[in-house]
Amino acid sequence: MQLIDTHVHINFETFEPDLDAVAARWREAGVVRLVHSCVEPSEFGRIQTIADRFPEVAFAVGLHPLDVSTLWTHALAEEIKSLAQSDVRVVAIGETGLDFFKADNPDQQIVALNSQLEIAAELDLPVIIHCRDAAAQMADCLRQFKNRGRSVRGVMHCWGGTPEETSWFLDLGMYISFSGTVTFKKAEQIHASAQMVPLDRLLIETDCPFLSPVPKRGEKRNEPSYVQHVAHQLAHLKTLPVETIAMQTTLNACRLFGLDLIPAPVP
């Protein structure tokens, strides 16, 4: 069974002491590719170094909406574009998006989002979208972008929206990615959304080191090998074999991010 974890942050300090062991575990679990997201462009060099060590790692470059208030400038937009063009292993722009739960600067976030959407369209790359307490505004931004004749494709990552909100983004052509939150017993809204997403638009992720899934929820650090638990939960919710979920989400990730399946080294 092959799996792709489409959203990781293994550059964080918590992984520094034992990243080789973490990699051995994801390989043993059947994780054959990982997409490393980017919170801010200053991480780019560190992410490249990780991809040099582990050839199954592809990555993105972008600016997280919670960093917009302190970091966003026109020069940073140019840096994101330049970095995206500098390495063939860049498969997406992001993570970008809107977060109105922890920040109150919607106009500034929308400017940064639209700029990164433009970069993605110009470079023919998908976007990795972070969206928290901002689904209506996010959908409006994507609609307006498309109405201007600009193409956009990408993924709503770590999705936690309602079924109605989920339908907005499916109608806009987006993929929907579920993380460890879909395994939480009381996450009924997320369960309902997962059940309605068509198989050909479904992705899985850990968003590690955050949001450890059941049965690892008590662990402070999530890791890529745990994406198998997300796949098993989606199989349960959709009453399908987990092999079907694994095969389809792997195919979807390869299609969206332009990934080849490189055999991982034997643990």
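Each value, and the rule that gives it
- Sequence order sets the numbering: in each chain, residues are counted from 1 along the sequence as written.
- Note on the predicted model: pLDDT of at least 70 is required for a residue's local features to be given, and 80 or more for side-chain atom pairs to be given and counted; whole-chain, interface and lining totals, by contrast, use all residues.
- Side-chain metrics in this entry use all non-hydrogen atoms of the structure; hydrogen atoms and water are not considered.
- Secondary structure elements follow DSSP: runs of H or I no shorter than four residues count as helices, runs of E no shorter than two count as strands, and numbering proceeds from the N terminus.
- With C-alpha atoms as the basis for the radius of gyration, the globule rule is written as 2.2 Å multiplied by the number of residues raised to the power 0.38.
- The contact criterion used is simple: two residues touch if any of their non-hydrogen atoms lie within 4.5 Å.
- Only the protein chains shown count as covering a residue, and every accessible area follows the Shrake-Rupley method with a 1.4 Å probe.
- His is not counted, nor are the chain ends; Lys and Arg add positive charge and Asp and Glu add negative charge.
- By convention, the charge on Lys lies at NZ, on Arg at CZ, on Asp at CG and on Glu at CD.
- For the exposure calls, accessible area comes from a 1.4 Å probe over protein chains only, and a residue counts as buried if that area is under 20% of its type's maximum, exposed if over 50%, partly exposed in between.
- Think of it this way: DSSP has to see at least two bridges between two strands before they count as a pair.
- Geometry is summarised by axes, namely lines fitted to C-alpha atoms with helices restricted to the contacting stretch, and by angles between N-to-C directions that run from 0 to 180 degrees.
- Any two rings among Phe, Tyr and Trp, with Trp reduced to its six-membered ring, count as a pair given centres within 6.5 Å; such a pair is stacked if its planes are under 30 degrees apart, edge-to-face if over 60, and tilted if neither.
- Here, the term disulfide refers to a pair of cysteine sulfur atoms separated by no more than 2.5 Å.

Caption draft 1: Looking closely at the overall build of the protein. Across its full length, the protein holds 10 helices and eight strands. The C-alpha radius of gyration of the protein comes to 17 Å, within 12% of the 18 Å expected for a compact globule of 267 residues. A fraction of 74% describes how many contacts in the protein between residues 6 or more apart in sequence connect residues 24 or more apart. When the accessible surface of the protein is summed, it comes to about 11,200 Å², and 51% of that surface belongs to carbon and sulfur atoms. The protein carries 23 positive and 34 negative side-chain charges, and their two centres are separated by 4 Å.

Caption draft 2: Inspection of the pairing of strand 3 (residues 57-61) at higher detail. Burial within strand 3 is extensive, with five of its five residues counted as buried. Residues of strand 3 alternate between two faces, with Val 57, Phe 59 and Val 61 on one and Ala 58 and Ala 60 on the opposite face, all of them buried. Where strand 2 (residues 31-36) lies against strand 3, three bridges are found, and the strand directions are parallel. Its bridge partner lying in strand 3, His 36 is registered against Phe 59.

Caption draft 3: The sheet that holds strand 2, seen in detail. Ordered by their spatial adjacency, eight strands build an open sheet running 1-2-3-4-5-6-7-8, and the pairing between neighbours is parallel. What marks the edges here is a single partner per strand, and that holds for strand 1 (3-8) and strand 8 (202-204). Pairwise comparison of adjacent strand axes, ignoring direction, gives a mean angle of 30 degrees for this sheet.

Caption draft 4: Local environment of the packing of aromatic side chains. One pass over the full model with this rule turns up four aromatic pairs. Ring centres of Trp 26 and Phe 54 lie 5.5 Å apart, and the angle between their planes is 70 degrees; on these two criteria the pair is classed as edge-to-face. In this pair, Trp 26 is assigned in helix 1 (residues 19-28) and Phe 54 in the loop between helix 2 (44-53) and strand 3, connecting sequence segments 28 residues apart. Judged by centre distance (5.3 Å) and plane angle (75 degrees), the ring pair of Trp 159 and Phe 169 falls under edge-to-face. With Trp 159 in the loop between strand 6 (154-156) and helix 7 (163-171) and Phe 169 in helix 7, this residue pair connects regions lying 10 residues apart in the sequence. A relative accessible area of 2% means that Trp 159 is categorised as buried. Looking at Phe 169, the relative accessible area reads 0%, which means it is buried.

Caption draft 5: Quick peek at the state of the cysteines. One pass over the full model with this rule turns up zero disulfides. Cys 208 takes part in no disulfide bond, and the closest cysteine sulfur, belonging to Cys 158, lies 11 Å away. The thiol of Cys 254 is unpaired, and the distance to the nearest cysteine sulfur, on Cys 208, comes to 18 Å.

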